[in-house]
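Coordinates in review
Here's the letter readout for the chains.
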Amino acid sequence: MNLTNNFSSAVSRRKFLMGASSLGALCAASRFSPLPALAQALTGDPRIAPQPIADKGFASIRKIGNGLYATISDRSKGLQTRSNGGFMIGRDAALMVEGFQTVIGSQFQLDTLRSVSQVTIGGALNTHWHFDHTLGNSVYGAQGIPIWAHADAAARMAAYYPKWQSQTLAAYLAPWQKRVDDAKTDSQREHAKSDIEGLTGMFVPVSQTVLALPNHPLDPAKMPMEIDLGGLTVVIETFIGHTDTDLIFRIPEQNVVYTGDLLTGGQYPVNINGYPSLWRATLAKFATFDKETLFVPGHGQVMGLAGVAEMRSCFDDLAEHAEKSYKAGVPVEDAIEQYVVPDKFKNYRMFSWGFTIGRTYQQLYGEWSAKPVPVLNYS
Ligand SMILES: [Zn+2]
């Protein structure tokens, strides 16, 4: 089918253009090599097993604490999971994190959990509503495992995904293609093309999926929420940032946190539905967590506070450049084109130019100026 072909060629093109990245990618040749599941500084951490208990290439699963496991994706080997995840096993029950991009990904996580424990699975948690964290949910639904998420997550999915399923990719992309055709400069054209790649990478897996929406809504007003799994207490908290439905799962006794996309490594902050200033405030809060904290980010390697600092410095870089341009009176459209990726982040992946740099600049300009600034949105 056409869609599938478009998808694989979009995927391989994106892989070719952007590759894996960051801390693990110490030389250019490593762009296609596997992403180590851990930040280098953590290789000696006694909580983390040096070997995974399961490894499918596209993701590996390893123990990172007492009853705690992290599923770490490696997009250089496939997008079956695409996001990270994991599971938490107590004496009486277990919880899983994320529904991933495909049923293959969520089945892999479920099978791996079952290889270590037969305990009741109380729920599968979606950190937020995005496709790469939820499209594999139906595997859990078929097993009678409730899908937990922020109370607004199901509505957000329902507002976008069924509509896409009624459209062709070409019709969906038409207005975005017009931006490419109307571009005034080469850089504007290349950036507009990158937005098409990012949007295609969302639209196609959504169009191929039987959706399963979260059926166990968690009320943000009732957070932090403590869940006792039997000898293992998980605290669910909500923060606004990457979306308005972001949840994190903390295991305070072991200083482990599953953050979803509020924290990512090796990529520019994906701001397709985000709130950059609130997001930065959330990251500032993460920076105050215990210095031994292990973070399982939404994408990238398991990291410590150094990973939080790195993501903050990327946001700082964006905000500093935006502010300089704003104060110099540079119109936002031009400022977005003038941003230069610094050496420090040159191996970072970018979902697309418009949904990392562009939208972030527009929102910051909007906060600083009295008049409204149009913001890049998809629907
Ligand atoms: Zn996301």
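These lines cover the structure that appears in this document, whether it is placed above or below. As the structure is a computational prediction, the values presented were derived from the model and not from experiment.

1. Digging into the pairing of strand β12 (residues 256-264)
Of all nine residues making up β12, nine are buried, and the element is well covered by its neighbours. Here strand β11 (residues 247-251) pairs with β12 via three bridges, running antiparallel. Counted as the bridge partner of Arg-250 is Val-257 from β12. Taken together, β11 and the strand that follows it, β12, pair antiparallel across an intervening segment of four residues, in which Asn-255 is found at a positive phi of about 55 degrees. With five bridges joining them, β12 and strand β13 (residues 294-299) adopt parallel strand pairing. Along β13, the bridge assignment pairs Val-257 with Phe-295.

2. A short note on the nonpolar core
Counting residues in each nonpolar core, the largest one holds 83 residues, and the members touching the most others are Phe-87, Met-88, Ala-94, Met-96, Leu-125, Phe-249 and Val-302. Contacts of Ala-94, omitting those with residues within four sequence positions, involve Phe-87, Met-88, Ile-89, Leu-113, Ser-117, Val-119, Ile-121, Gly-122 and Leu-229. Core analysis: the second largest hydrophobic core is formed by eight residues, Phe-131, Tyr-172, Leu-199 and Val-204 among them.

3. A short note on the sheet that holds strand β10 (residues 233-238)
The mixed open sheet is built from five strands, whose spatial order is β9-β10-β11-β12-β13. Of all the strands in the sheet, the pair left with one neighbour each is β9 (225-228) and β13. Going from strand to strand, the sheet's axes swing by 25 degrees on average, the running direction of each strand aside. Against the sheet, helix α9 (residues 305-327) engages β12 and β13, with an angle of about 15 degrees to β12.

4. Quick look at the packing of helix α8 (residues 276-286) against α9
Working note: a packed helix pair is described by the angle between its axes plus the distance between those axes. Relative to each other, α8 and α9 sit at 155 degrees, their axes nearing to 10 Å. Put simply, α8 runs roughly antiparallel to α9. Classified by chirality, the crossing of α9 by α8 is left-handed. Of the residues in α9, those in contact with Pro-276, Arg-280, Leu-283 and Phe-286 of α8 are Val-308, Met-311, Arg-312 and Phe-315. Class assignment for the residues of the contact of α8 with α9 results in six nonpolar, no polar and two charged.

5. As for helix α11 (residues 354-368)
For α11, built from 15 residues, the straight-helix expectation of 21 Å at 1.5 Å per residue is met to within 8% by its first-to-last C-alpha distance of 20 Å. Where burial is concerned, most of α11 is hidden: twelve out of the 15 residues are buried. Inspection of α11 places Gly-354, Phe-355, Thr-356, Ile-357, Gly-358, Arg-359, Thr-360, Tyr-361, Gln-362, Gln-363, Leu-364 and Tyr-365 among the buried residues, and these make up the whole buried set. Packed against the buried residues of α11 are α7 (186-207), α8, α9 and α10 (332-338).

6. Quick word on the sheet that holds strand β4 (residues 85-89)
With mixed pairing, eight strands are arranged side by side in an open sheet as β1-β2-β3-β4-β5-β6-β7-β8. Only two strands of the sheet have a single partner each, and these edge strands are β1 (54-55) and β8 (216-218). In this sheet, strand β3 (residues 68-73) lies alongside strand β2 (residues 59-65) in antiparallel orientation, the contact comprising six bridges. Across the sheet, the residue bridging to Gly-65 is Leu-68, located in β3.

Cut-offs used in this document
Residues numbered from 1 in each chain as written. Predicted model: local features only at pLDDT ≥ 70, side-chain atom pairs only at ≥ 80, totals over all residues. Buried ≥ 20, exposed ≤ 12 C-beta atoms within 10 Å, placed from the backbone. Helix = DSSP H or I, 4+ residues; strand = E, 2+ residues; numbered from the N terminus. Pairing = 2+ DSSP bridges. Core = buried A, V, L, I, M, F, W, Y, C linked by C-beta atoms within 7 Å. Contact = placed C-beta atoms within 7 Å. Axes fitted to C-alpha atoms, helices over the stretch in contact; angles between N-to-C directions. Parallel < 35°, antiparallel > 145°, perpendicular 65-115°, else oblique. Left-handed = near helix turned anticlockwise from the far one by under 90°. Nonpolar A, V, L, I, M, F, W, Y, C, P; charged D, E, K, R; others polar. Expected span 1.5 Å × (residues − 1).

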